[in-house]
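Each chain, written out:
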Amino acid sequence: MQLRQKVIFLAVAPLIVALCAIALFVRQQAIALAHEQHATIQQAYLASKQAELRHYVDLASHSIAHLTASGRSDPATLAEAKRILQSLSFGDDGYFFVYDMQGRNLMHPRQPELVGRDLWNLHDQFGAPTIQNIVAVAKQGGGLVRYNWVKPSTNKPGPKLGYVVPIPQWGWVMGSGLYLDDVQSALDQVDAQQSRNIETTMWWIAGVAILATLVIGGAGLALNISESRVADTKLKALAQRVVDSQEQERARLSRDLHDGISQWLVSIKLQIEAGIIRMKGTPDQQLQAHASFERTAEELNKVLGEVRRISHDLRPTLLDDLGLAAALDHLAEEFSQHSGTPVKFAAAGDVEHLPQAVGTVLFRIAQEALTNIERHAGAHHIDLSLQTGAGRVLLTIADDGAGFDAEGVATHPQRGIGLRNMMERLDAIGGRLDIASSAAGTTVCARVELEV
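Given the structure is predicted, the values throughout are model-derived calculations rather than measurements.

How each quantity is defined
Along each chain, numbering runs from 1 in the same order as the chain's sequence is written. With the structure being a predicted model, the display of local features is reserved for residues of pLDDT at least 70 and the display and counting of side-chain atom pairs for 80 or more, all residues being used for whole-chain, interface and lining totals. As a convention, hydrogens and water are excluded, and side-chain values are obtained from all of the structure's heavy atoms. The helix count covers DSSP runs of H or I at least four residues long, the strand count covers runs of E at least two residues long, and both are numbered beginning at the N terminus. Note on classification: 1.4 Å probe, protein chains only; a residue is buried when its accessible area is under 20% of the maximum for its type, exposed when over 50%, partly exposed between these limits. Whether two residues touch is decided by their heavy atoms; if any such pair falls within 4.5 Å, the residues are in contact. Areas reported as accessible are Shrake-Rupley estimates using a 1.4 Å probe. Residue values count occlusion only from the protein chains shown. Between Lys or Arg on one side and Asp or Glu on the other, a salt bridge is scored when a side-chain nitrogen of the former is within 4 Å of a carboxyl oxygen of the latter. Two rings belonging to Phe, Tyr or Trp (six-membered ring only in the last case) form a pair when the distance between their centres is within 6.5 Å. Interplanar angles under 30 degrees mark stacking, angles over 60 mark edge-to-face geometry, and anything in between is tilted. Should DSSP find at least two bridges between two strands, the strands are regarded as paired. A fitted line through C-alpha atoms serves as each axis, taken over the contacting stretch for helices, and the angle formed by two N-to-C directions is quoted from 0 to 180°. UniProt positions are given in the numbering used here, feature names are shortened, and annotations may be inferred rather than shown by experiment.

Our next topic: the overall build of the chain. Helices and strands together make up the secondary structure of the chain, namely eleven helices and ten strands. In the chain, buried positions account for 34% of the 452 residues. Residue pairs in contact within the chain that sit at least 24 positions apart in sequence constitute 59% of those at least 6 positions apart. As displayed, the chain has an accessible area near 26600 Å², and 58% of this comes from carbon and sulfur atoms.

See the structure below:
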């Protein structure tokens, strides 16, 4: 995986994890809220149903209060009370019922077939004794009771909330009830709506996550394309610089060979040919030929020295054999001889065990700096120093020549190639190049951090 892809992954992964955590937290909180809302609505419904039942039973009690207060319990009075209660109803499934304390049904307007039957041992589909529970609540003074009973409108059993009161004058249990299936239906609708809301919220979070991932991926792709174009442009420019540097180096070698070694060899060739001719002449001519051969030997020594200098410029053997300090010392000595400008070299610290790549880069920087001083500075003295310590190596080249505008030269498209080469060499090994220049001279510092 490339670095840019890793960066995009590290940007997308925490976002997805965070959104998943938010989604789980929101879902958990939404479910907890839905449960609380369910309980609150259920409690409110049941409270309203209970109050409604009490109100209905109170109305029924008041409707026969004149009969119960009369103290009579003759069949006519009881029949009149049953007639009044049977005539009272609310809705299709709202009615009043009457039982005696032994569980025998005395009045049921919706199921007349139950009248007169002993239902004391009646149990619902769950095994609960229905009539026994109703009578037990009535004996305790009355109150609410839950049981299952057939709903008249559907002819199917369902949960029912009842409210019963005793009529002790006649030994009756009178009450009414409300079916709870409509309450459960309303609660089911609330639960379904809450589930849809939670699902919609999860889909929104998923959509936001997908959109954010696509945006980050698209931005990363655009950044990759832009960076690739910039990198291609820089690579092309760098390749062109490499080609230019190679051409400049070839031109320099061509000049050195043509203007120096080639002319010396032609001169040596002519001297040898003249000496050969003189060797066939008189003794004086032979003596002149001998002197000519001695000069030819001296010229050959100079040619060999020039060849060594060119070879040393290309790749000094001292850099490989004895290290950077010895190569810089030899470079300073050679520069002093052929340029006439004295170069003072000093080394401090452990300069003998530097990495080969660091040594090569610093040596090339020293070569480039001395070449620039010779061509442009007009210096009278040069200080070259190499120091190591605190996990770094520092190469300093200072001269007392004419200064220059370092920033202007470095950014000029057709100038400052040597400075850019030095900076690029240092960038390749993680170093830094600092240049300070004024009318009093120029100081070039190359810093490289050494890995422990």
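Right, let's get into the pattern of salt bridges. The tally for this structure, following the rule as stated, stands at eight salt bridges. In this structure, Asp 100 and Arg 104 form a salt bridge, with 3.4 Å as the shortest nitrogen-oxygen distance. Three or more residues are tied together by salt bridges with common partners; here these are Asp 93, Lys 151 and Asp 181.

Another aspect to go through is the packing of aromatic side chains. With the rule as written, the count across this model stands at five aromatic pairs. Relative to Tyr 99, the ring of Phe 97 has its centre 5.7 Å away and its plane inclined at 65 degrees; by these criteria the two rings are edge-to-face. Taking the centre distance of 4.8 Å and the plane angle of 65 degrees together, the rings of Trp 170 and Trp 172 count as edge-to-face. Both residues of the pair, Trp 170 and Trp 172, count as buried. One aromatic cluster is present, built from ring pairs that chain together Tyr 56, Phe 90 and Phe 96.

Below, the discussion takes up the sheet that holds strand β9 (residues 431-438). Strands sit in the order β6-β7-β8-β10-β9 across an open sheet of five strands; the sheet is mixed. Looking at strand neighbours, the two that pair on one side only are β6 (343-348) and β9, the edges of this open sheet. The sheet shows a mean angle of 10 degrees between the axes of neighbouring strands, direction not considered. The pairing of β6 with strand β7 (residues 382-389) spans six bridges and is parallel. Looking at the pairing, Val 343 lines up with Ile 382 of β7. Most of the contacts of helix α8 (residues 324-339) go to β6, to which it runs at about 170 degrees, and overall it touches β6, β7 and β8 (392-399).

On to the sheet that holds strand β3 (residues 143-151), then. With antiparallel pairing, the five strands of this open sheet are ordered in space as β2-β1-β5-β4-β3. At either end of the open sheet lies a strand with only one pairing partner, and these are β2 (105-107) and β3. On average, adjacent strands in this sheet sit at an angle of 40 degrees to one another, irrespective of strand direction. The sheet contact formed by strand β4 (residues 156-167) and strand β5 (residues 172-179) spans eight bridges and is antiparallel. Bridging from a neighbouring strand, Gly 162 pairs with Gly 177 of β5. Packed onto the sheet, helix α4 (residues 130-139) meets β1 (96-100), β3, β4 and β5 and runs at close to 155 degrees relative to β3.

Turning to the side chain of Thr 396, a few remarks are in order. In this fold, Thr 396 is placed in strand β8. Those residues in contact with Thr 396 that sit more than four places away from it in its chain are Asp 383, Leu 384, Ser 385, Thr 443, Val 444 and Cys 445.

Below, the discussion takes up the UniProt feature "transmembrane region" (unreviewed entry) in the chain. Mapped onto this numbering, the UniProt entry gives "transmembrane region" (unreviewed entry) at residues 202-225. As a span, residues 202-225 carries 100% helix and 0% strand, and end to end its C-alpha atoms are 34 Å apart.

Another point: the pairing of β4. Here β3 runs beside β4; their pairing, made up of nine bridges, is antiparallel. Residue pairing for β4: Trp 149 is matched across the bridge by Gly 158. In this antiparallel pair of consecutive strands, β3 and β4, the connection spans four residues, and Asn 155 shows a positive phi of 60 degrees. Between the end of β4 and the start of β5, which pair antiparallel, lie four residues, with Gly 171 showing a positive phi angle near 70 degrees.

Looking now at the environment of Leu 328. Looking at where Leu 328 falls in the secondary structure, it is placed in helix α8. With 36 residues separating them in the primary sequence, Leu 328 and Arg 364 have C-alpha atoms 9.9 Å apart. When near neighbours in sequence (up to four residues on either side) are disregarded, Leu 328 contacts Phe 345, Phe 363, Ala 366, Leu 384, Leu 386 and Leu 395.

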